[in-house]
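# Breakdown of the fold
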Amino acid sequence: MSALTTSRPRLRGITWVVVHQHRRILTTAAVLLAVATAVTAGLRIAYGTSSYEDTGGLFTRFAYQGGLSAVADFLANAALLLPLLVAALVAGPMIGRELESGTYKLAWSQSVPPVRWLAAKVAVPAAAVAVTTVGLTVLFRILSGPVSWDHRLNWHERQVFLASGPTLLAHGLLAVAVGALAGLLVRRTLVAMSVAGLATGTVMIVMSALWTRLWAPDVATGRDPDSVEFSAGEFVLDSGLLTASGERLPDSVCFTPQPTACHAEHDVVGRWREYHPDSHLWPLQLVETGIVLAVAAAVAYAAFRVFRRRHA
């Protein structure tokens, strides 16, 4: 009797059923994360043990450095696709197909409250997304750390920005909420997958257009109107000419064969630039994360409201 008791799965009830139903997807995600972890560990160990003592060692170190950069770039690009994939999977196979085929009635007939059924359908992918996105972010930061200037991934590239902090987790949780709402509203597997992917993609596009303005950029000026100054790690948003009165002019004003005469005509005394230094990475990350999580909470609330109205 004790042997039977200890052999019971830790997950029980509807949660265990949801995990069992989608074990292939969850297992695939776990395997891919494990492979990425093994590759990351191997590259970092190999990079750490290579030396500069001879030409061969230097070449080997740069080779490993290139490998680190390539894998980090792959993970960063995967970060762009992950929320879209999550939204489609939740909306289609996890909710839309159940409602379309009517198999949800079997769970409800087993004394499972409808709201608890939906909660499990949302909680399981949310937990999987949290583990996957946090793992991907940690691996990316481990890989991108030792990449030197000639292989450097710019922090302000959108895919690199997503993979660098909690913003990816926020977008992943939003994808779960959007997938749940789309599945409940559409109730058709393929159509729900398309709607969820489109809605999630739209949010990501909007945020990619707005994220650079979520934190006030720094402004710097220079005295030479003919030279553009910038430092490593800076993300320049805009730049132009500066007049003696402090007025900012676009560079196009003096796109002429004789820019010096144009500068004198407009009383140009220097240049200005608006930029984000690399120290703005975390403020931008946290502000976008907060906005996306708020949207995710609102969408999840809407999903439960829709469900209660239809099935309570």
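Here's a quick rundown of the structure.

## Structural notes on the packing of helix α8 (residues 167–186) against helix α9 (residues 189–210)
α9 packs onto α8 with a crossing angle of 145 degrees between their chain directions and a minimal axis gap of 8 Å. Judged by the twist between their axes, the crossing of α8 over α9 is right-handed. Contacts between α8 and α9 involve H171, L174, A175, V178, G179, A182, G183 and V186 on the former and, on the latter, V191, A192, V195, A196, A199, T200, V203, M204 and M207.

## Structural notes on empty space enclosed by the protein
Under the defined criterion, the tally for this structure stands at one cavity of 30 Å³ or more. Taken together, 10 residues make up the lining of the largest cavity; nearest its centre are S227, E229, R271, W272 and R273. Elements that contribute at least two residues to the lining of the largest cavity include exactly β1 (218–222) and β4 (268–276). Partitioning the lining of the largest cavity into residue classes produces three nonpolar, four polar and three charged.

## Section: the sheet that holds β4
Strand order in this open sheet of four strands is β1-β4-β2-β3, and the pairing throughout is antiparallel. Two strands lie at the open edges of the sheet, namely β1 and β3 (248–250), each paired on one side alone. Looking at each pair of strands side by side, their axes are set apart by 40 degrees on average, direction ignored.

## Examining the packing of aromatic side chains
Considering all chains together, one arrives at five aromatic pairs under this definition. Here the aromatic rings of W155 and F235 are separated by 6.4 Å at their centres, their planes lie at 90 degrees, and the arrangement is edge-to-face. Taken together, the residues W155 in the loop between α6 (114–144) and α7 (158–163) and F235 in strand β2 (residues 235–243) connect sequence positions 80 residues apart. Neither W155 nor F235 differs from the other in exposure class; each is buried. Sitting over the ring of W272, R248 keeps its end group 4.9 Å from the ring centre. When the ring centre of Y275 is taken as origin, the NZ or CZ atom of R273, which lies over that ring, is 4.9 Å away.

## A closer look at α8
In this model, α8 (20 residues) spans 28 Å end to end at C-alpha, consistent with the 28 Å of a helix rising 1.5 Å per residue. Burial analysis of α8 places 16 of its 20 residues in the buried class, the great majority of the element. Directly after α8, the chain includes R187, whose backbone phi takes a positive value near 65 degrees.

## Regarding a nonpolar patch on the surface
A cluster of nonpolar side chains, V31, V35 and V39, forms an exposed patch at the surface whose accessible area comes to about 220 Å². Mapped onto the secondary structure, V31 falls in helix α3 (residues 23–49).

## With respect to the environment of D218
The residue D218 is located in strand β1 in this model. Taking the C-alpha atoms as reference points, D218 and P277, separated by 59 residues in sequence, lie 7.6 Å from one another. Ignoring anything within four residues of it in the chain, the contact list for D218 reads R273, E274, Y275, P277 and H280.

## A word on the pairing of β4
By the criterion of burial, β4 is predominantly enclosed, with eight of the nine residues buried. As paired elements, β1 and β4 share five bridges and run antiparallel to each other. Pairing of T221 across the sheet is with W272, part of β4.

## Looking at the pattern of salt bridges
Per the stated rule, a full pass over the model turns up six salt bridges. For K121, the salt bridge identified is with E98, shortest N-O distance 3.0 Å. On the criterion of sequence distance, the pair formed by K121 in helix α6 and E98 in helix α4 (residues 55–101) is long-range, its members being 23 residues apart. One exposure class covers both K121 and E98, and it is buried. Put simply, R273 and E234 hold a salt bridge, and the shortest N to O gap is 3.2 Å. Placement of R273 in strand β4 and of E234 in the loop between β1 and β2 is noted, with a sequence separation of 39 residues between them. Residues joined in a network through salt bridges with shared partners are R213, R248 and E274.

What counts and what doesn't
- Residues numbered from 1 in each chain as written.
- Predicted model: local features only at pLDDT ≥ 70, side-chain atom pairs only at ≥ 80, totals over all residues.
- Heavy atoms only, no water.
- Axes fitted to C-alpha atoms, helices over the stretch in contact; angles between N-to-C directions.
- Helix = DSSP H or I, 4+ residues; strand = E, 2+ residues; numbered from the N terminus.
- Left-handed = near helix turned anticlockwise from the far one by under 90°.
- Contact = heavy atoms within 4.5 Å.
- 1 Å grid on protein atoms, 1.4 Å probe; cavity = no way out; pocket = protein on both sides within 12 Å on 5 of 7 lines; lining within 4 Å.
- Points joined across faces, edges and corners; volume = space filled by probe spheres on them.
- Nonpolar A, V, L, I, M, F, W, Y, C, P; charged D, E, K, R; others polar.
- Pairing = 2+ DSSP bridges.
- Phe/Tyr/Trp six-rings, centres within 6.5 Å; stacked < 30°, edge-to-face > 60°.
- Buried < 20%, exposed > 50% of the residue type's maximum accessible area, 1.4 Å probe, protein only.
- Lys NZ or Arg CZ within 6 Å of the ring centre and 35° of its normal.
- Expected span 1.5 Å × (residues − 1).
- Patch = residues over 30% accessible without salt bridge, like charges linked within 9 Å, V, L, I, M, F, W, Y side chains within 5 Å.
- Areas by Shrake-Rupley, 256 points an atom, 1.4 Å probe, with all protein chains shown as cover.
- Salt bridge = Lys/Arg side-chain N within 4 Å of Asp/Glu carboxyl O.

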